[in-house]
Amino acid sequence: MMIQLKRPLIAALLGLSLGTPALADSMIGVAAPFEIQSPDPSTTGHIFTNMGIAETLVDADPQGRLLPGLATEWDTSEDGLTWRFTLRENVSFHDGSPMTPAAVVNALEIARAKPGPISGLPVAAITADHDAVVITLTEPRAALPAFLAESRTQILAPAAYGPDGQAVAVIGTGPYRITDLTPPLSLRATAFADYWGAQPHVPDVSYTAVSRAETRALMAESGDADFVFNLDPASVTRLSQSEAVQVISVAIPRTLLLKVNAAHPFLNTPEARQALSLAIDRAGLAQAVLRYPEGADQLFPPAIGSWHNAGMDPLQYDVAAAQALLAQQGWAPGADGILARDGQRFALTLTTYPDRPELPLVAAVLEQQFRTIGVELTINSTNSSEIPAGHQAGTLELGLLARNFALIPEPIGTILSDYAPTGDWGAMGWDNPEIVALAQAIARGEGTDADRARVSAILQTELPVIPIAWYQQTLAVKAGIDGAVIDPWERNFGLARLRFTE
């Protein structure tokens, strides 16, 4: 029997005021798990770009190929140190002010002063030059245009920022402009009449942050939301049988992985980490829990081209081999079946977060699979911020997360932040000089496909992170809406292209 969840109950669950009906025929309502932390791109930029409110200099197509955005073209000097981005003409911000080179420089300088990929670039200066912005580097970065497609480099009007450089409003250039922003739960936006591109077909959109996957699924089922992202596997199965919605799934450049504290005395050898990897039944987990076709046999999914090394040995599932490796490390089963060495039980805490509903489910399965080889897990399902905080404090033991290789449409940006050197969402207590050298060469534009394959091979052997599954994004779309697609690079919900068919 289908559960009908009506708008008053939805509002009560979310703590929202109903006011004017949000999901009228002129509006498309989006529900997703991610809260609106603030108007600042450094914290919530991905929501503003996905909703079509803010834009970046560079865009990307579904294959990750770079496209013009607010910059129509770009070129670099022969030595790779000077880049010139020609700006699109006749672009207005939502407050009516023109997008000038000076305004773009202002936004990029503010972004560069905050945490994010652009802050780590070797930038000497960002200057305005007639109809363009010029970025001067101290060393070459062949992937610079891809960095400028990342959501934290979105271009906001000068009036969007306070004196301290923090955004106080979201004044972008996109097809929709914000009419109401209520962090952390919601925003509303309407079509921007002076948008430089094609006008949206649907005049109004809204976004609601809904943390519980079950609630989001009920909103899709009852029609209380039109566009619902990040569904749990059971809901995907149920909604796929409903005539009220269309469920869309697509492989994306994201990997579900186990982040390992390689400095931990239980985990400080490749053999110990390989044992954990061998204990994971990826195929069974992917099919039974995630409802995916297959698990991940290496870190980088096929969607990211030459970083995927099809020539190396895939990760395997072999409990006996895992037990043998741990025995060689001096571990022996205790009376309760949990391994012990030098009076210490092989017990670890796995930290994960429920924003992505599949993660706690996977954690529960890993607890069972690791117990098979004598490793005891305690699951801590908490805020996602606890993983980078634990990295910084050195207290994280294991972290279960979904790592996005699409934040920058050229994965070298993520490689640099995660492994060269190690970063909050990448390796912990582990470093490899060869990877650092290879990544730096690739970043300069000097690397080859063989170098990328070598990076993959080192990570496969050393396992500072343990891949579990390549990701699929799921979306439930209300019946009667045409044109819905999932951007594999998770940059844009595509709301401006949607049409009502009924």
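This section reports on the structure supplied with the text. From a predicted model like this one, the values you see are computed outputs, not experimental measurements. Within every chain, residues take consecutive numbers counted from 1 along the sequence as written. Since the coordinates come from a predicted model, pLDDT governs what is reported: local features require at least 70, and pairs of side-chain atoms require 80 or more to be given and counted, while whole-chain, interface and lining totals use all residues. Side-chain numbers here rest on the full set of heavy atoms in the structure, without hydrogens or water.

### What to know about the overall build of the protein chain
Alright, step 1. Along the backbone of the protein chain there are 14 helices and 21 strands.
Alright, step 2. Our radius of gyration looks at C-alpha atoms and nothing else; its globule reference is 2.2 Å times the residue count to the power 0.38. For the protein chain, the C-alpha radius of gyration of 24 Å lies close to 23 Å, the compact-globule estimate for 502 residues.
Alright, step 3. Principal axes of the C-alpha set define a box for the protein chain whose edges measure 70 × 65 × 40 Å.
Alright, step 4. Burial status across the protein chain gives 54% buried among its 502 residues.
Alright, step 5. Where accessible areas are quoted, they stem from the Shrake-Rupley method and a 1.4 Å probe; at the residue level, only the protein chains shown are allowed to cover. Total accessible area on the protein chain is roughly 19,900 Å²; 51% of this is exposed by carbon and sulfur atoms.
Alright, step 6. Mean positive and mean negative side-chain charge positions of the protein chain (31 and 54 charges, respectively) differ by 4 Å. What counts as a helix is a DSSP run of H or I of at least four residues, what counts as a strand is a run of E of at least two, and both are numbered from the N terminus. The classification of residues rests on relative accessible area computed with a 1.4 Å probe and restricted to protein chains. Under 20% of the type maximum is buried, over 50% is exposed, and intermediate values are partly exposed. When charges are counted, Lys and Arg are positive and Asp and Glu negative, with His and the chain ends excluded. A charged residue contributes its charge at one atom only: NZ of Lys, CZ of Arg, CG of Asp or CD of Glu.

### Focus on the sheet that holds strand S15 (residues 344-345)
Alright, step 1. Each pair of strands is called paired provided DSSP finds at least two bridges between the two strands. With antiparallel pairing, the three strands of this open sheet are ordered in space as S13-S14-S15. Sheet topology places strand S13 (332-333) and S15 at the edges, where each strand pairs with a single neighbour.

### Some details on the environment of Phe227
Alright, step 1. Tracing the sequence through the fold places Phe227 in strand S11 (residues 227-229).
Alright, step 2. Judged by relative accessible area, Phe227 falls into the buried class, the value being 0%.
Alright, step 3. In the structure, Phe227 is positioned 20 residues away from Tyr207 in sequence and 9.3 Å away in space, judged by C-alpha atoms.
Alright, step 4. By the convention used here, residues are in contact when the closest approach between their heavy atoms is within 4.5 Å. Residue contacts for Phe227: discarding those within four places in its chain leaves Ile28, Gly29, Val30, Ala31, Leu475, Ala476, Val477, Ala484, Phe493, Leu495 and Leu498.

### As for unusual backbone geometry
Alright, step 1. Along the chain, Pro183 connects to Pro184 via a cis peptide bond; the corresponding omega equals 0°.
Alright, step 2. As for its position among the elements, Pro184 is in the loop between strand S8 (176-182) and strand S9 (186-191).
Alright, step 3. One non-glycine residue, Arg291, adopts positive backbone phi at about 60°.
Alright, step 4. Relative to the helices and strands, Arg291 is located in the loop between helix H8 (282-290) and helix H9 (319-328).

### Observations regarding the pattern of salt bridges
Alright, step 1. One side-chain nitrogen of Lys or Arg within 4 Å of one carboxyl oxygen of Asp or Glu is enough to make a salt bridge. Applying the stated criterion to the full structure yields 20 salt bridges.
Alright, step 2. Of the charged contacts, one joins Glu376 and Arg371 as a salt bridge, the two residues approaching to 3.4 Å between their closest N and O atoms.
Alright, step 3. A salt bridge links Asp418 to Arg403, with the shortest nitrogen-to-oxygen separation between them at 2.8 Å. Taken together, the residues Asp418 in helix H12 (residues 412-419) and Arg403 in strand S18 (residues 398-404) connect sequence positions 15 residues apart. As far as the burial class goes, Asp418 and Arg403 line up, both buried.
Alright, step 4. Taken together, the shared-partner salt bridges in this structure form one network comprising Asp336, Arg345, Arg371 and Glu376.

### Considering the packing of aromatic side chains
Alright, step 1. Aromatic pairing here means that ring centres of Phe, Tyr or Trp (its six-membered ring) are within 6.5 Å. Orientation follows from the plane angle: under 30 degrees is stacked, over 60 is edge-to-face, and everything else is tilted. A full pass over the atoms with the stated rule returns 11 aromatic pairs.
Alright, step 2. The interplanar angle of 55° and the centroid separation of 5.6 Å between the aromatic rings of Phe300 and Trp307 together place this pair among those described as tilted.
Alright, step 3. Looking at Phe300, the relative accessible area reads 1%, which means it is buried.
Alright, step 4. On the basis of an interplanar angle of 65° and a centroid distance of 5.2 Å, the ring pair of Phe300 and Phe405 is categorised as edge-to-face. A residue pair is termed long-range when its members are at least 10 positions apart, and Phe300 in the loop between H8 and H9 and Phe405 in the loop between S18 and H12 qualify at 105 residues.
Alright, step 5. One aromatic cluster is present, built from ring pairs that chain together Trp74, Trp83 and Phe85.
Alright, step 6. As a reminder, the over-ring test applies to NZ of lysine and CZ of arginine, requiring each to be within 6 Å of the ring centre and within 35 degrees of the ring normal. Cation over ring: Arg88 sits above Trp196, and NZ or CZ is 4.0 Å from the ring centre.

### A word on the side chain of Thr190
Alright, step 1. Tracing the chain through its elements places Thr190 in strand S9.
Alright, step 2. Look past the residues within four positions of Thr190 in its chain and what remains in contact with it is Pro175, Tyr176, Arg177, Thr179, Pro203 and Asp204.

### Quick word on the sheet that holds strand S6 (residues 123-129)
Alright, step 1. Ordered by their spatial adjacency, four strands build an open sheet running S4-S5-S7-S6, and the pairing between neighbours is antiparallel. Two strands lie at the open edges of the sheet, namely strand S4 (71-76) and S6, each paired on one side alone. Direction aside, the axes of adjacent strands within the sheet are offset by 15° on average.
Alright, step 2. Sheet topology note: the S4/strand S5 (residues 82-87) ladder contains five bridges and is antiparallel. Note that in S5 the partner of Thr76 across the bridge is Trp83.
Alright, step 3. The axes are straight lines fitted to the C-alpha atoms, using for helices just the contacting stretch, and the angles between their N-to-C directions are given from 0 to 180°. Relative to S6, helix H3 (residues 101-112) is tilted by about 160°, and along the sheet it contacts S5, S6 and strand S7 (132-137).

### A look at the packing of H8 against helix H10 (residues 358-372)
Alright, step 1. The geometry of H8 relative to H10 is characterised by a closest axis approach of 11 Å and an angle of 135° between their N-to-C directions. In terms of axis orientation, H8 runs oblique to H10. The handedness of the crossing between H8 and H10 is right-handed. Every residue of H10 that contacts H8 at Leu285, Val289 and Leu290 is listed here: Glu358, Leu361, Val362, Val365, Leu366 and Gln369. Just so you know how the angles are binned, under 35 degrees is roughly parallel, over 145 roughly antiparallel, 65 to 115 roughly perpendicular, and the rest oblique. Two helices crossing with the near one rotated counterclockwise from the far one by less than a right angle form a left-handed crossing, whereas a clockwise rotation gives a right-handed crossing.

### Brief notes about the environment of Ile458
Alright, step 1. Summarising the element assignment, Ile458 is placed in helix H14 (residues 449-462).
Alright, step 2. Taking the C-alpha atoms as reference points, Ile458 and Leu290, 168 residues apart in sequence, are found 28 Å from one another.

### Some remarks on the side chain of Asn230
Alright, step 1. Assignment of secondary structure puts Asn230 in the loop between S11 and helix H6 (233-239).
Alright, step 2. Looking at Asn230, its side chain comes within polar contact range of the side chain of Gln473, at 3.2 Å.
Alright, step 3. Non-local contacts of Asn230, meaning those with residues more than four positions away in its chain, are made with Pro33, Phe34, Ala213, Arg216, Asp355, Arg356, Pro357, Gln473 and Thr474. For the purposes of these results, a polar contact is taken to be a pair of N or O atoms within 3.5 Å, where, inside protein, one atom must be able to donate a hydrogen and its partner to accept one; residues adjacent in sequence count only when each atom of the pair is a side-chain atom.

### Some details on the pairing of strand S17 (residues 376-381)
Alright, step 1. Across six bridges, strand S16 (residues 347-352) lies against S17 in parallel orientation. Within S17, the position partnered with Thr351 by the bridge is Asn380.
Alright, step 2. For a crossover, the right-handed case is the one in which the path from the first strand over the helix to the second runs clockwise, viewed with the strands pointing away from the viewer. The β-α-β motif built from S16, the intervening H10 and the parallel element S17 has right-handed crossover chirality.

### A word on H14
Alright, step 1. To estimate the expected span of a helix, subtract one from its residue number and multiply by 1.5 Å. Taking 1.5 Å of rise per residue, 14 residues should cover 20 Å, and H14 covers 20 Å from first to last C-alpha, within 8% of that figure.
Alright, step 2. For H14, the full list of buried residues reads Arg452, Val455, Ser456, Ala457, Ile458, Leu459 and Gln460.
Alright, step 3. Where H14 is buried, its residues touch H12 and helix H13 (433-443).
Alright, step 4. Looking one or two residues beyond H14, the residue adopting positive phi is Leu463, at roughly 50°.

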